[in-house]
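Results of the structural survey
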Amino acid sequence: MTSTLRHRLLASAFVLAAAALGFGAAPAMAQKQGGTLTVGLELDILGFDPLKVGVYDTAGNIAASLIFDTLASLDDNGKAQPKLAVSWSSSEDYKTWTYKLRPDVKFQDGTPFNAEAVVWNFNRQKDPKNNCRCAFYVSYINSVEAKDELTVVFNLRDPVVNMPALLVRPDQNSAMQSPSAIQAKGDDYNRNPVGTGPFIMKSWTAGDRMVLERNPNYWNKGHPYLDRIVLRPLPDAQSRFASLLSKETDVVWADEYEADNILRAQKNTALTVHAYVGSGAQVYAFNTKTAPFDDLGVRQALVMALDRPKISQALTNGLARPASNPYGDGSWVKCKDDGALPYDPAKARELIKAYGKPVDFKMLVTATPRGRAVGQVLQQLWKQVGANMEIDQVDQATIVPRAFQRQFQLTPWRIVDLADPDPQMYANFRTGSPVALANYSNPELDKLLEHARVTADMAQRTEDYCAASRLINKEAIWFWTFQNTYYAIAKANVKGIPKQYGGVIDVSEAWLE
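1. Re the state of the cysteines
- Evaluated as defined, the whole model comprises two disulfides.
- Here Cys 132 engages in a disulfide with Cys 134; their sulfurs sit 2.2 Å apart. Taking the sign of the torsion about the S-S bond as the criterion, the disulfide between Cys 132 and Cys 134, at about 130°, is right-handed. Considered together, Cys 132 and Cys 134 belong to a single accessibility category, that of buried residues.
- One disulfide in the model links Cys 335 with Cys 466; its S-S distance is 2.0 Å. Across the disulfide from Cys 335 to Cys 466, rotation about the S-S bond amounts to roughly -95°, and the bridge is consequently left-handed. Of this pair, Cys 335 sits in the loop between helix 10 (308-316) and helix 11 (345-355) while Cys 466 sits in helix 16 (residues 458-475); the two residues are 131 residues apart in sequence, bridging distant segments of the chain.
- The class of Cys 335 is partly exposed, set by a relative accessible area of 22%.
- Take Cys 466: its relative accessible area is 3%, and that puts it in the buried class.
- For the chain, the bonded cysteines connect in the pattern 1-2, 3-4 when numbered consecutively along the sequence.

Structure, rendered in structure tokens:
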């Protein structure tokens, strides 16, 4: 660790402390109070209790950003800024992080938010008796201590040089939930969440809508601006866009597979398209413990058969940007050599022939027009090199449990773009992780992932992650199709939507012009 880096960290801590004193103090220039905003989500929300749902999906994260707060948040430059914590600092070895909490904050049930509440949230996730899938994502934390009412100390298993950036996502790990409400409601808490956030859940009809109303006792005075937010699950992309045109919704989630809708919206002066280039990728995982994917040559052949620009044109009118590694253009990890296998259908046919047996397998796809389209395009490309893929259409909500239970040969997945690649890379590729879907173990890969999370040298971390990419690409345990690009299409009078980190449309600070 260099002294320059250390001084920079300390300076940042002082800046954060100063910024915290004025949080929310700036005048609300053009922001207007009042009104109802309706948001069209990609999926229905499964719930909020980490012990029940394990990991939040994008729809869950969007709702969580309204009900809960996190210790920190990301600004438009991707830097961690104060939220429930007003400042933080680390020990010299980055294995101890101390957070100072915001005073006079209460949960929506009137109980105090304090250091004990933070400790309780993390201990509940980490308790082995609870067997929560969420625990892996905070396995780097050894223990959490309440030093006093407003001081929390995280004792880490290994050095983590960027811990504040790991606690910004409104997810199953970082969303601060009311211990009193969880204990009082028991199993009912999953559908009756209580946080410190700007909105309180008033009603929830599964498959139809969730209604959230302004928290009158929100700690950030003058916020939020809206009186009410309605979240509607609209899994069909065309239905979502139609709801916007008919004014049934004000904002809808979208991605590059909805290229026609995005292009139409860009030409419509009554609409605004918010786009964000992410740091992750759309990916597929081979189950390397099942035939034919226990054979390296077969896996490599299928990857070499992929013409990504052609796939992008077929599925997204060329809007999707091909990916060859887990990081994406929005990441600080930039690889001169990521080890990507070339598009080489002739070589793919040779490898399939060398296997000596029919290459027959099933691929999970969602039972949606998009899922079927993706499956059909890949099916044709693989057929051209001698591989026979059967499309296995399943409900979108079953993809995650099927993946975690390893009930697949080939499954779609997504590398979520976070402020740092460590959580995703460690979870997806470290031996023994419940999220290491490929059922693959490699000591060299484990060593790279372990080293990347403990060094403060950003150049060395970049090389570790690029070396990991080269190894993953060589072994073809996962393959990447497109980089993550996130979209929100909104009425032009909807203001205050920030960057969509991880695909989360955060409308907690939105207002209507």
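Having put the structure on the table, let's press on.
2. Let's talk about the nonpolar core
- With 74 residues, the main nonpolar core has Leu 37, Leu 71, Phe 113, Phe 154, Met 163, Met 210 and Leu 231 as its most contacted residues.
- Sort the elements by how many residues they give to this core and helix 3 (residues 58-67) lands first, with six residues.
- Once you skip the residues sitting within four places of it in the chain, Leu 231 turns out to touch Val 39, Leu 41, Ile 45, Ala 63, Leu 66, Asp 208, Arg 209, Met 210 and Leu 212.
- Judged by nonpolar contacts, the second largest core, of 37 residues, contains Tyr 137, Ala 285, Ala 438 and Trp 480.

3. Some remarks on the packing of helix 15 (residues 443-452) against helix 16
- For the pair helix 15 and helix 16, the least separation of the axes is 9 Å and the interaxial angle reads 155°. With respect to helix 16, the element helix 15 is oriented roughly antiparallel. Once helix 15 is placed against helix 16, the crossing between them reads as left-handed. Contacts from Glu 444, Leu 445, Leu 448, Leu 449, His 451 and Ala 452 of helix 15 reach helix 16 at Gln 460, Arg 461, Asp 464, Tyr 465, Ala 467, Ala 468, Leu 471 and Ile 472.
- Here the contact of helix 15 with helix 16 is composed, by residue class, of nine nonpolar, two polar and three charged.

4. Observations regarding the side chain of Ser 65
- Mapped onto the elements of the fold, Ser 65 is located in helix 3.
- Of the residues examined, Ser 65 reaches a relative accessible area of 5% and is grouped as buried.
- At 2.6 Å, the side chain of Ser 65 and the backbone oxygen of Ile 62 are in polar contact.
- With sequence-adjacent residues up to four places away left out, Ser 65 is seen in contact with Pro 170, Pro 198, Val 504, Ile 505, Asp 506 and Ser 508.

5. Observations concerning the pattern of salt bridges
- A complete count under the given rule lists 23 salt bridges for this structure.
- Notably, a salt bridge pairs Arg 299 with Glu 475, separated by 4.0 Å at the nearest N-O pair. Of the two residues, Arg 299 is situated in helix 9 (residues 296-304) and Glu 475 in helix 16; the sequence distance between them amounts to 176 residues. Taken individually, Arg 299 and Glu 475 each receive the classification buried, so the pair is uniform in this respect.
- Of the charged contacts in the structure, one is a salt bridge between Lys 495 and Glu 513, with a shortest N-O distance of 4.0 Å. With Lys 495 in strand 17 (residues 494-495) and Glu 513 in the segment after strand 18 (511-512), the pair connects residues that are 18 residues apart, well separated along the chain.
- The class for Lys 495 is partly exposed, based on a relative accessible area of 27%.
- On the accessibility criterion, Glu 513 (55% relative accessible area) is exposed.
- The network of salt bridges with shared partners includes Glu 42, Arg 240, Asp 255, Glu 258 and Arg 370.

6. Considering the pairing of strand 5 (residues 96-101)
- Only one face of strand 5 is covered, namely the one carrying Trp 97, Tyr 99 and Leu 101; the face carrying Thr 96, Thr 98 and Lys 100 has none of its residues buried.
- In textbook terms, the turn of a hairpin is the stretch between consecutive antiparallel strands, and for strand 4 (residues 85-90) and strand 5 this stretch comprises five residues, one of which, Tyr 94, has a positive phi near 65°.
- Pairing of strand 5 with strand 7 (residues 151-156) involves five bridges; the strand directions are antiparallel. For Trp 97, the partnering residue across the bridge sits in strand 7 and is Phe 154.

Parameters at a glance
Residues numbered from 1 in each chain as written. Predicted model: local features only at pLDDT ≥ 70, side-chain atom pairs only at ≥ 80, totals over all residues. Heavy atoms only, no water. Disulfide = S-S within 2.5 Å. Buried < 20%, exposed > 50% of the residue type's maximum accessible area, 1.4 Å probe, protein only. Helix = DSSP H or I, 4+ residues; strand = E, 2+ residues; numbered from the N terminus. Core = buried A, V, L, I, M, F, W, Y, C linked by side-chain atoms within 4.5 Å. Contact = heavy atoms within 4.5 Å. Axes fitted to C-alpha atoms, helices over the stretch in contact; angles between N-to-C directions. Parallel < 35°, antiparallel > 145°, perpendicular 65-115°, else oblique. Left-handed = near helix turned anticlockwise from the far one by under 90°. Nonpolar A, V, L, I, M, F, W, Y, C, P; charged D, E, K, R; others polar. Polar contact = N/O pair within 3.5 Å; in protein donor to acceptor, adjacent residues only side chain to side chain. Salt bridge = Lys/Arg side-chain N within 4 Å of Asp/Glu carboxyl O. Pairing = 2+ DSSP bridges.

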